[in-house]
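Each chain is listed here by its residues.
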Amino acid sequence: MAYLDNIRTFVRVYELGSMSAAARDLRISAAVASSRISQLEGHLGIRLFQRTTRLLNPTEQGNTFYKGASKILEAVEAAEADISDITRSPRGTLHVAAPIGIAQRFIAPAVPKFKEAYPLINIRLRSSDRKLDLAAEGLDAAFFLGVPEDSNLRIRKITDCPRVLCASPDYIKKHGMPGSSDELRTDMHDCLNLRYPGAPEFQWPLQTPDGVKRVTVSGPFESDHGEILTNWALDGQGIVLKTVFEISDHLAKGRLVPVLVDEPPLPIQLACLYMHRRRQDPKARLFIDFMVDHILATMPK
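Bear in mind the structure is a predicted one, so any value in this text is a computation, not a measurement.

## Some words on the overall build of the protein
Stage number 1. A tally of helices and strands in the protein yields nine helices and 14 strands.
Stage number 2. Projecting the C-alpha coordinates of the protein onto the three principal axes gives extents of approximately 70 × 45 × 35 Å.
Stage number 3. Partitioning the intrachain contacts of the protein with sequence separation of at least 6 by distance along the chain shows that 74% fall at a separation of at least 24.
Stage number 4. Carbon and sulfur atoms form 51% of the exposed surface of the protein, whose accessible area is close to 16,000 Å².
Stage number 5. Looking at charge distribution, the protein has the averaged site of its 38 positive side-chain charges lying 6 Å from that of its 36 negative ones.

Structure follows, in structure tokens:
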């Protein structure tokens, strides 16, 4: 097991590019992580990483060893999964991610119920509105709004989520109700955008009498956190594009009001992504099935 732990530590250091990040991920100290890498290098008789005070880069031998080491871990996980299937006692740790709104409203509340049903499975939930790299970040599954760009991932569609453009009554009183999507292109209205590093030019896909129109919008405020955009909209700072489930309570109580109801935004797909492997980990399959059922049962209609 010590040698397998060393391999597992090497793979996480390689994938995360940092000794400290790998240590946090594996819940060990940086000193233990460093010691495991040194033991592995001593056993193999090679240097796996070039270390400086600021950088940690894999050597050519490290790149080669990673390819085999990752296959070893996948084989061990598959073997453990087979045993879990046989014993019907799935166990281990799942690393999952979801957009903040999905995590807060659906995933996090259901995790204790899942744990109660499967007490031997531990969940590490990461919530973020930025795009995530499943392989690089060691994720078993990631819930996702939109269309994934990576064809190497498998996708399980859950549902299409209706969306709405909305603003606060105070904003409408000050700026007026937009008469058409063309007004969003001008300086007449401020639009609140979800943007993260590397994001493309932001467009809102709207359904118009002439078909789908992708409207390039801008405004004084942007954030990579969806709840911040909602709070800005509530504060009268602009028009925001949101899924209905995120703001249904604000709409019902009149804190936010729909705008451009004749040119509504396209719905957005909610799906779950997981790695394209020969055989899906049973505990990941259990978790995804459980959460899909929960989401569909609790999603506002």
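Following the structure, the description resumes.
## Concerning the sheet that holds strand E4 (residues 121-127)
Stage number 1. Within the open sheet, the five strands sit side by side as E4-E3-E5-E14-E6. Their pairing is mixed. Of all strands in the sheet, those with a lone pairing partner are E4 and strand E6 (153-161), marking the two edges. Ignoring which end each strand starts from, the neighbouring axes of this sheet average 20° apart.
Stage number 2. In this sheet, strand E14 (residues 268-275) lies alongside E6 in antiparallel orientation, the contact comprising eight bridges. Paired with Lys157 across the two strands is Ala271, which belongs to E14.
Stage number 3. Packed on one face of the sheet, helix H5 (residues 100-117) meets strand E3 (92-98), E4, strand E5 (141-145) and E14 and runs near 170° to E4.
Stage number 4. Its contacts with the sheet place helix H9 (residues 282-298) against E3, E4, E5, E6 and E14, and it is angled at close to 10° to E6.

## Examining the packing of aromatic side chains
Stage number 1. Taken as a whole and judged by the stated rule, the model has nine aromatic pairs.
Stage number 2. An angle of 55° between the planes, with centres 6.0 Å apart, marks the rings of Phe10 and Tyr14 as tilted. Taken together, the residues Phe10 and Tyr14, both in helix H1 (residues 2-16) and four residues apart, mark about one turn of the helix.
Stage number 3. Residue classification places Tyr14 among the partly exposed positions, given a relative accessible area of 23%.
Stage number 4. On the numbers, 5.3 Å between centres and 75° between planes, the contact of Phe114 with Phe290 is edge-to-face. With Phe114 in helix H5 and Phe290 in helix H9, this pair connects stretches of sequence that are 176 residues apart.
Stage number 5. For Phe290, a relative accessible area of 24% corresponds to the partly exposed category.
Stage number 6. Members of the aromatic cluster, each reached through a chain of ring pairs, are Phe10, Tyr14, Phe49, Phe65 and Tyr66.

## Let's talk about the confidence of the model for the protein
Stage number 1. Summing up the model confidence of the protein, the mean pLDDT is 85 and the portion of residues at 70 or higher is 90%.
Stage number 2. Averaged over each element, pLDDT in the protein is lowest for helix H4 (residues 60-87) (78) and highest for strand E13 (residues 257-258) (96).

Basis of the calculations
- Residues numbered from 1 in each chain as written.
- Predicted model: local features only at pLDDT ≥ 70, side-chain atom pairs only at ≥ 80, totals over all residues.
- Heavy atoms only, no water.
- Helix = DSSP H or I, 4+ residues; strand = E, 2+ residues; numbered from the N terminus.
- Contact = heavy atoms within 4.5 Å.
- Areas by Shrake-Rupley, 256 points an atom, 1.4 Å probe, with all protein chains shown as cover.
- Lys, Arg positive; Asp, Glu negative; His and termini not counted.
- Charge placed at Lys NZ, Arg CZ, Asp CG, Glu CD.
- Pairing = 2+ DSSP bridges.
- Axes fitted to C-alpha atoms, helices over the stretch in contact; angles between N-to-C directions.
- Phe/Tyr/Trp six-rings, centres within 6.5 Å; stacked < 30°, edge-to-face > 60°.
- Buried < 20%, exposed > 50% of the residue type's maximum accessible area, 1.4 Å probe, protein only.
- pLDDT = per-residue confidence, 0-100.

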